[in-house]
Amino acid sequence: MSAKSTVPSPEAIARSQRQRLAAEEGARAIADVARQAVEVRKNMARLRELREAKEAADAVVAEALPASPLKRRARKSQQ
C-alpha cells in the first residue's frame with residue numbers, strides 16, 4: 001500500500017493561501033459594512049433632529065400668525 005505524503009503539494013499550498021486571503025477580505029468587508037451602517041444611523045438621527053426642530057419652529061410661527069379670513073367666491077354674472 002502506498003502511504004500518503006505529509007508534505008503538501010504546491011496546489012494545496014496555493015489553495016489554502018487563497019482561502020486564508022478570502023477569509024481575511026471577508027472579515028474586512030463585514031467590518032466595513034457594519035461601520036457604514038453605524039454612520040448611516042448617526043446621519044439619520046441628525047437629520048431627524050433637524051426636521052423635528054424645524055417642524056417645532058414652524059408650529060410656533062403658525063400659532064403666532066392670525067388666521068386668514070375666508071374668501072368668498074364671487075358668482076359669475078349671467079348675461
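Throughout this document, residue positions are counted from 1 along each chain, in the order its sequence is written. It should be noted that, the model being predicted, local features are given only for residues of pLDDT at least 70 and side-chain atom pairs only at 80 or more, the latter also being counted only at that level, while totals for whole chains, interfaces and linings use all residues. As a convention, hydrogens and water are excluded, and side-chain values are obtained from all of the structure's heavy atoms.

Asker: What's the story with the overall build of the protein in this structure? I'm lost.
Answerer: Only runs of H or I of at least four residues qualify as helices and only runs of E of at least two qualify as strands under DSSP, and these elements are numbered from the N terminus. Looking only at helices and strands, one finds 1 helix and 0 strands in the protein. Only the C-alpha atoms count toward the radius of gyration. The rule for a globule is 2.2 Å times the residue count to the power 0.38. Relative to the 2.2 N^0.38 estimate, which gives 12 Å for 79 residues, the radius of gyration of the protein is 35 Å and therefore markedly larger than a compact globule would have. Partly exposed residues are those whose accessible area sits between 20% and 50% of the maximum for their type, while under 20% is buried and over 50% is exposed, using a 1.4 Å probe and protein chains only. Here the protein holds 79 residues, and the buried ones make up 0% of them. A 1.4 Å probe and the Shrake-Rupley method give the accessible areas. Residues count as covered only by the protein chains that appear here. Summing over all exposed atoms, the protein offers an accessible surface of approximately 8,200 Å²; the carbon and sulfur share of this is 59%.

Asker: Can you walk me through the environment of alanine 31 in this structure?
Answerer: By the element assignment, alanine 31 lies in helix 1 (residues 10-64). A relative accessible area of 46% places alanine 31 in the partly exposed class. Residues alanine 31 and alanine 45, spaced 14 residues apart in sequence, show a C-alpha to C-alpha distance of 21 Å.

Asker: Explain the pattern of salt bridges here, please?
Answerer: In what follows, salt bridge is the name for a side-chain nitrogen of Lys or Arg lying within 4 Å of a carboxyl oxygen of Asp or Glu. Using the criterion set out here, one finds 5 salt bridges in the structure. Of the charged contacts in the structure, one is a salt bridge between glutamate 24 and arginine 20, with a shortest N-O distance of 2.7 Å. One end of the pair, glutamate 24, and the other, arginine 20, are both in helix 1, 4 residues apart, so they sit about a helical turn from each other. We classify glutamate 24 as partly exposed; its relative accessible area is 32%. The partner of aspartate 32 in a salt bridge is arginine 35, with the nearest N and O atoms 2.3 Å apart. Linking aspartate 32 with arginine 35, this pair stays in helix 1, spanning 3 residues, or about one helical turn. Overall, aspartate 32 belongs to the partly exposed group, its relative accessible area being 30%.

Asker: Where do I start with the environment of glutamate 39 in this structure?
Answerer: Its place among the elements puts glutamate 39 in helix 1. Through-space distance from the C-alpha of glutamate 39 to that of alanine 27 is 19 Å; in sequence the pair is 12 residues apart.

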